[in-house]
Amino acid sequence: MLDLQYLRDNSDRVKKSMEDRGIESDVVDDFLEHDERRREILQEVEELRRKRNVVSEKIGELKQSGEDVQPMIEEMRSVSDRIDEYEEELKEVEEKQRYARLHIPNVPDESVPVGEDESDNEFVRSWGEPPEFDFDFKPHWEIGEDLDILDFERGSKVAGSRFTFMKGAGAQLERALINFMIDYHRENHGYYELFPPFLANSDSMTGTGQLPKFEFDMFKVKDYDNYLIPTAEVPVTNFHREEILDADDLPLYYTAYSACFRAEAGSHGRDTRGIVRQHQFNKVELVKFVEPETSYEELETLTDNAEAILQALELPYRVVKLCTGDLTFSSALTYDLEIWMPAYERYREISSCSNFEDYQARRAGIQYRPDPDSQARYVHTLNGSGVAIGRTLAAILENYQNEDGTVTIPEVLRDYMGGREIIE
């Protein structure tokens, strides 16, 4: 969330940034209204307490001189009752203020282009050339069924629409991609591996920005304060929730595999064929905790790390900087990696690399102390999907397919596939 004083001093800028995102900014006015009332209550309570202290002292003096102090005692009881009433109202106002504050998104970095949607994203660079086929290539859902490695019908029977069974070489390829990515980031980029829970409580979901605004995009566990995680970003970022880290330990780099679960309310009919947009999918995540002064440099490195995976797989992609209208709620700046998908005849997002600055850290209470004698500061958190596994598998099926209906396995995956070079 945004700093309280920053919100008070820069409310117009915050409202403008929300309008640039295409979001109504009334919640900022709600926050300011509750904030003003909160300060009024605190002032009233302070004045009443001062009065009570003065009169209580006077009552003591009058008692010693034998004067009747009962009327003054009754008045102080009334003052105490009013203080109790104010304190009860204060709790309600502070909760409303916090609720409004949690619904205010991060302020985009000044370099973020203003735009409405993905069509306004800014091209940064590209790598590789889309393949040219001299035969009628197939979309991944067709070639996956032809090779008997993707089973959409049984996935739907078992769990419902937008769930898929990976079978045989398909399941092996999915697992190979997970292990390859984890190993690559650990061995080449210095990330420390975690294996997180696939459930997270509401405090954790609030810490990374999923709650309260995006509750209906997630799967809630009935009768428990738990949600199926939408990404490993949630448990890994909350790994250090309510902690004060040592400056000597920063930067901290973590990588983690997790299954991910998204209800994606309102996305019906959008790219639901195949395995590009599923309710359950696998991802390898990258999370960084860094000092504020280095976070944008760390973002560039994080993006390079994600790109290295696609380069190793020799899959053509491009990098775009998201515009304000396409930026996620918690992000200050995001680069998307978009992979070439022949069946769509365009690039599709496969990885997002974001700098949240101190927005998540404030929500989750993640701080560090620059030195033993200094005041604790909030870290900056960064997140990058080390490339979504299912979409990578789909891209391999489409980009590496052969005229005879087989699929060549990228060389870097062959050891993970038991030496297999082709799926047929």
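All of these numbers come straight from a predicted model, not from anything done at the bench.

Some words on the overall build of the protein chain
Part 1 of the reasoning: Along the protein chain, the regular secondary structure elements total 12 helices and 17 strands.
Part 2 of the reasoning: Expressed as lengths along the three principal axes of its C-alpha atoms, the size of the protein chain is roughly 110 × 45 × 40 Å.
Part 3 of the reasoning: Classification of the 424 residues of the protein chain by burial places 51% in the buried group.
Part 4 of the reasoning: Summarising the internal contacts of the protein chain: among those between residues at least 6 apart in sequence, 74% fall at separations of at least 24.
Part 5 of the reasoning: Per element, the accessible surface of the protein chain, about 20800 Å² overall, is 43% carbon and sulfur.
Part 6 of the reasoning: Counting 49 positive and 90 negative side-chain charges, the protein chain places the averaged centre of each group 5 Å from the other.

Considerations on the packing of helix H7 (residues 169-188) against helix H12 (residues 389-399)
Part 1 of the reasoning: Following both chains from N to C, one finds H7 and H12 inclined at 120°, their axes separated by 10 Å at the closest point. The angle between the axes of H7 and H12 places the two elements in the oblique class. Crossing of H7 over H12 shows right-handed handedness. On H12, the residues touching Gly 170, Leu 173, Glu 174, Leu 177, Ile 178 and Met 181 of H7 are Ile 389, Gly 390, Thr 392, Leu 393 and Ile 396.
Part 2 of the reasoning: Partitioning the contact of H7 with H12 into residue classes produces 7 nonpolar, 3 polar and 1 charged.

Thoughts on helix H6 (residues 152-159)
Part 1 of the reasoning: Structurally, the start of H6 carries an N-cap: the backbone nitrogen of Glu 153 is 3.4 Å from a side-chain oxygen of Asp 151.
Part 2 of the reasoning: Looking at the residues trailing H6, positive phi occurs at Gly 160, about 115°.

So, the environment of Gln 210
Part 1 of the reasoning: By secondary structure assignment, the location of Gln 210 is in the loop between helix H8 (202-208) and strand E6 (226-228).
Part 2 of the reasoning: Taking the C-alpha atoms as reference, Gln 210 lies 16 Å from Gly 384; in sequence the two are 174 residues apart.
Part 3 of the reasoning: Apart from residues lying up to four places away in sequence, Gln 210 is in contact with Met 205, Glu 215, Met 218, Pro 230 and Val 234.
Part 4 of the reasoning: At a separation of 2.5 Å, a polar atom in the side chain of Gln 210 contacts the side chain of Thr 208.

Quick look at the domain arrangement of the protein chain
Part 1 of the reasoning: By the assigned domains, the protein chain splits into domain 1 (4-103) and domain 2 (118-423).
Part 2 of the reasoning: The interface is formed by 6 residues belonging to domain 1 together with 11 residues belonging to domain 2.
Part 3 of the reasoning: Roughly 790 Å² is buried in total at the junction of domain 1 and domain 2, and carbon and sulfur atoms are behind 54% of that figure.
Part 4 of the reasoning: Broken down residue by residue, the surface that domain 1 buries against domain 2 is led by Arg 21, Leu 102 and His 103, which jointly contribute 71%.
Part 5 of the reasoning: At the junction of domain 1 with domain 2, the criterion picks out 0 salt bridges.
Part 6 of the reasoning: At the boundary of domain 1 with domain 2, the tally comes to 5 residue pairs in polar contact (both at pLDDT 80 or more).
Part 7 of the reasoning: For the side of domain 1 that touches domain 2, the secondary-structure elements that each account for two or more residues are helix H2 (11-21) and helix H4 (70-102).
Part 8 of the reasoning: Among the elements that take part in the side of domain 1 that touches domain 2, H4 stands out by supplying 3 residues, more than any other.

Let's talk about the environment of Ile 309
Part 1 of the reasoning: Relative to the helices and strands, Ile 309 resides in helix H10 (residues 295-312).
Part 2 of the reasoning: Using a relative accessible area of 0% as the deciding quantity, one classes Ile 309 as buried.

Points about unusual backbone geometry
Part 1 of the reasoning: The linkage connecting Leu 211 with the following residue, Pro 212, adopts the cis geometry, with an omega of 5°.
Part 2 of the reasoning: By secondary structure assignment, the location of Pro 212 is in the loop between H8 and E6.
Part 3 of the reasoning: Of note, the amide linkage connecting Leu 250 to Pro 251 takes the cis form, showing an omega dihedral of 0°.
Part 4 of the reasoning: With respect to the secondary-structure elements, Pro 251 resides in the loop between strand E7 (243-246) and strand E8 (252-261).
Part 5 of the reasoning: Unlike most non-glycine residues, Asp 223 shows phi in positive territory, near 70°.
Part 6 of the reasoning: Along the chain, Asp 223 turns up in the loop between H8 and E6.

Each value, and the rule that gives it
Residues numbered from 1 in each chain as written. Predicted model: local features only at pLDDT ≥ 70, side-chain atom pairs only at ≥ 80, totals over all residues. Heavy atoms only, no water. Helix = DSSP H or I, 4+ residues; strand = E, 2+ residues; numbered from the N terminus. Buried < 20%, exposed > 50% of the residue type's maximum accessible area, 1.4 Å probe, protein only. Contact = heavy atoms within 4.5 Å. Areas by Shrake-Rupley, 256 points an atom, 1.4 Å probe, with all protein chains shown as cover. Lys, Arg positive; Asp, Glu negative; His and termini not counted. Charge placed at Lys NZ, Arg CZ, Asp CG, Glu CD. Axes fitted to C-alpha atoms, helices over the stretch in contact; angles between N-to-C directions. Parallel < 35°, antiparallel > 145°, perpendicular 65-115°, else oblique. Left-handed = near helix turned anticlockwise from the far one by under 90°. Nonpolar A, V, L, I, M, F, W, Y, C, P; charged D, E, K, R; others polar. Polar contact = N/O pair within 3.5 Å; in protein donor to acceptor, adjacent residues only side chain to side chain. Domains from an automatic or database assignment. Buried area = accessible area lost by both parts, 1.4 Å probe. Salt bridge = Lys/Arg side-chain N within 4 Å of Asp/Glu carboxyl O.

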